[in-house]
Amino acid sequence: SQQGEEDPQALSIQEGENATMNCSYKTSINNLQWYRQNSGRGLVHLILIRSNEREKHSGRLRVTLDTSKKSSSLLITASRAADTASYFCATDSNQGGKLIFGQGTELSVKP
Amino acid sequence: KAGVTQTPRYLIKTRGQQVTLSCSPISGHRSVSWYQQTPGQGLQFLFEYFSETQRNKGNFPGRFSGRQFSNSRSEMNVSTLELGDSALYLCASSLSGGYEKLFFGSGTQLSVL
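Cut-offs used in this document
Residues numbered from 1 in each chain as written. Chains lettered and ligands numbered in written order. Predicted model: local features only at pLDDT ≥ 70, side-chain atom pairs only at ≥ 80, totals over all residues. Heavy atoms only, no water. Contact = heavy atoms within 4.5 Å. Buried area = accessible area lost by both parts, 1.4 Å probe. Polar contact = N/O pair within 3.5 Å; in protein donor to acceptor, adjacent residues only side chain to side chain. Helix = DSSP H or I, 4+ residues; strand = E, 2+ residues; numbered from the N terminus. Nonpolar A, V, L, I, M, F, W, Y, C, P; charged D, E, K, R; others polar. Core = buried A, V, L, I, M, F, W, Y, C linked by side-chain atoms within 4.5 Å. Buried < 20%, exposed > 50% of the residue type's maximum accessible area, 1.4 Å probe, protein only.

Undergrad: Can you lay out the interface of chain B and chain A for me, pointing to particular residues and giving the numbers?
TA: Listed per partner, the contact involves 22 residues of chain B and 21 residues of chain A. Summing the contributions of chain B and of chain A, the shared interface buries around 1,800 Å²; its carbon and sulfur component is 49%. Counting every contact that joins chain B to chain A gives six residue pairs in polar contact (both at pLDDT 80 or more). Put simply, the parts of the chain that give the side of chain B that touches chain A at least two residues each are β4 (31-38), β5 (42-50), β6 (53-57) and β9 (87-94) of chain B. Element by element, the count of residues in the side of chain B that touches chain A is highest for β5 of chain B, at five residues. Of the residues contributing to the side of chain B that touches chain A, the split by class is eight nonpolar, nine polar and five charged.

Shown next, in the form of structure tokens:
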């Protein structure tokens, strides 16, 4: 079963706009991570937020975490065509040392 | 530092055959995890190895197995291939596993005909 579920499944925006993706999870976590995947390639780690953190920034990325609602959001500001990819949240499974990934949000940024 | 290397990049097999995939982690990383990715099921955890020992296992049948060598390189094997085993198999490494960030290889795209 999936620990994290992303929403929306697909998102299409114009270059320069902001993109927001959401992730919900079911059990308590130690941390939550976001990854990016270009079509048919491996995943690239974007950002890790710990359970005692509420917000984290990295360049044009902003991640929030609400442990009371068991949810996280990833905001990409001023998006570029090169941001077109699938974005996944991942949480530790509460079953010891493995990351469980959600189904992902497919982001398309049109020039 | 070289990244995670997976070989081969593409593989075509027929039903009933077996296949071995290889993964070389980043130098110094002792944990290697394997994931199966399909359009329908998404990313599914297969197993994790640390210091040559399987530390975690996902919900896959016994046809899926793996091992890790003393140099941290890992292999996974799928025996008696089924059509449903067609997928992108991803390997990821980290220093010590657990809840750390993972470094992924480019994957092996397996097609079972």
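Undergrad: Account for the nonpolar core, with residues named and values stated.
TA: If you look at the biggest cluster of nonpolar residues, it comprises 21 residues, and the most contacted ones within it are Trp34, Leu46, Phe64, Met76 and Tyr89 of chain B. The set of elements that each furnish at least two residues to this core consists of β3 (19-24), β4, β5, β8 (74-78), β9 and β11 (108-112) of chain B. Not counting the four nearest positions on each side in its chain, Phe64 of chain B is found in contact with Gln36, Leu46, Phe47, Met76, Asn77, Val78, Asp85 and Tyr89 of chain B. Ranked by size, the runner-up nonpolar core spans 20 residues in total, among them Ile13, Ala19, Tyr25 and Cys89 of chain A.

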